[in-house]
Amino acid sequence: MSKGHVLIIDDEPTLLEACEETLSYHGYDVRLQATARDGVESVRQETFDLVLIDLRIPDTDGLHILREIRSIDENVMAIMITGFPTIATAVEAVKEGAFDYLPKPFTPDQLLIVVDRALSQKRLAEENLLLRKTLRFRRGFEGMVGKSRAMERVMDLVEKVADSDVSVVIEGETGTGKELVARSLHRNSSRHDRPFLPINCGALPENLLESELFGHERGAFTGAHTRKPGLLETAQEGTVFLDEISALSPNLQVKLLRVLQDRQVRRVGGQELIDITIRVISATNENLEQMVADGRFRDDLYYRLNVITIPLPPLRERVEDIPLLTEHVLKNLNSEHEKHIQGISKETMDLLQGYAWPGNVRELQNVIERAFFLTDAEEITPLDLPAHLTRQETLALSVDTQLPFPQAKRAYLEPFEQEYLAKLLLGCGGNVSRAAERAQVHRSSFQRLLKKHGIRPRDYRGA
């Protein structure tokens, strides 16, 4: 096994041969180039662990080659070879990113010492980076699972902005895990030992939401029998997570803006101004920028909240994460319920990865939990999945003209009904009344359709 892939760029044939002989003998894979152009082209074509560059080479200089190479691969280690070693050249080489320099003439032992030291340093740096990423994932990103490039970008953004006080807006479709990202931002910040208080701005009427956010004094309204501090006050030194920020009424937008500008809050029915020091993280499944353009959201509040945007990808755009997510959910379920479902069959995984997941990760979690409790086998099979997943392909089937019209129509429409009902219930969190209202179908008729297709609303609650 090679100890490392090394490129040497030098116009002296004897030196190239001597270096190749020494390094190859000691287990290195060596590539030689006599010109700057060929050396740079080699870096474009291959990945090298280390490049040795002659400081003086015809038509250019080694520092120029070093700059070009590092613009192609910023992680490559470089050592400058020079027949005129001076402190000035050494300093300049290090400034340009060189690890060290090797003065001519040098012995095979001197060459090996410098090369071994450079590659040992590179391996150590890579191991430290891997360790930091592993620890970061284990300690600060619980619940955020994924190896896709899209999720790596999310985690990198979280890591960069977590330990600051800037306001963040997390954008993403319903079920993509916006609160998980908010909690990760909090856990990875200096506020991690202070409160993290979430509130869904779309779940409460305006008057109750105002009281929850700002608090109220005794007698401020009917039923206010005692003084109650609001979330913005209770979260002192911590983080407030405002989910569905787009649902704030114009009146509350004005009040929240004032609080964020002045860093002071006044309870409903009170006169005292209370100083607060908090971080605000918001989330939305709507386009806030478009809402501002439409006049439905204040632009000054938008700019106050949206210093940094973290966009969350929908599950259909990171299909490669589905196996990891299912494994994560199953592992937690096995631990909680002292069961041992070994995994998911290949056919089942193909179905999961071929589905569009309108409810995103939340829907996937719901499907896996349902299958976990239904299966009697050691692994989840297509029989354990809801009908709308196992019959995805039937909607694309052509009409069977061999059947009488009533039968053909029924065979064609039933899969549509199943998928429509399942997706509608998913979007309504299993609430039959709300789903029937959206479908513009009487509730009793809607329930008959559910019964006809064996769809249970409780399977979609919390999804």
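For the structure itself, look to the data block above.
Residues numbered from 1 in each chain as written. Predicted model: local features only at pLDDT ≥ 70, side-chain atom pairs only at ≥ 80, totals over all residues. Heavy atoms only, no water.

So, on to the environment of H192. Examined against the element boundaries, H192 turns out to sit in the loop between α7 (178-187) and β9 (196-200). Spatially, the C-alpha atom of H192 lies 27 Å from that of L333, the residues being 141 residues apart in sequence. In contact with H192, other than residues within four places in its own chain, are H186 and R187. (Helix = DSSP H or I, 4+ residues; strand = E, 2+ residues; numbered from the N terminus. Contact = heavy atoms within 4.5 Å.)

What follows is about a nonpolar patch on the surface. There is a patch of nonpolar side chains on the surface, built from L413, F416 and Y420 and spanning about 270 Å² of accessible area. Inspection of the secondary structure assignment puts L413 in helix α17 (residues 405-427). (Patch = residues over 30% accessible without salt bridge, like charges linked within 9 Å, V, L, I, M, F, W, Y side chains within 5 Å. Areas by Shrake-Rupley, 256 points an atom, 1.4 Å probe, with all protein chains shown as cover. Salt bridge = Lys/Arg side-chain N within 4 Å of Asp/Glu carboxyl O.)

Within the structure shown, the criterion is met by 21 salt bridges. Put simply, K3 and D116 hold a salt bridge, and the shortest N to O gap is 4.0 Å. Of the two residues, K3 is situated in the segment before β1 (5-9) and D116 in helix α5 (residues 108-140); the sequence distance between them amounts to 113 residues. In this structure, the salt-bridge partner of D100 is R117, at a minimum N-O distance of 2.5 Å. Placement of D100 in strand β7 (residues 100-103) and of R117 in helix α5 is noted, with a sequence separation of 17 residues between them. You can call R117 partly exposed: its relative accessible area is 39%. (Buried < 20%, exposed > 50% of the residue type's maximum accessible area, 1.4 Å probe, protein only.)

Take the sheet that holds strand β16 (residues 308-311) next. Read from one edge of the open sheet, 5 strands run β9-β12-β15-β8-β16, paired in parallel fashion. In this open sheet, the two strands that pair with only one neighbour each are β9 and β16. For this sheet, the mean angle separating the axes of adjacent strands, direction not counted, is 20°. Against the sheet, helix α6 (residues 149-161) makes contact with β8 (168-171), β15 (279-284) and β16, and its axis sits at roughly 155° relative to β16, the strand it touches most. (Pairing = 2+ DSSP bridges. Axes fitted to C-alpha atoms, helices over the stretch in contact; angles between N-to-C directions.)

In short, the description is geometric, and any link to function would need to be established separately.
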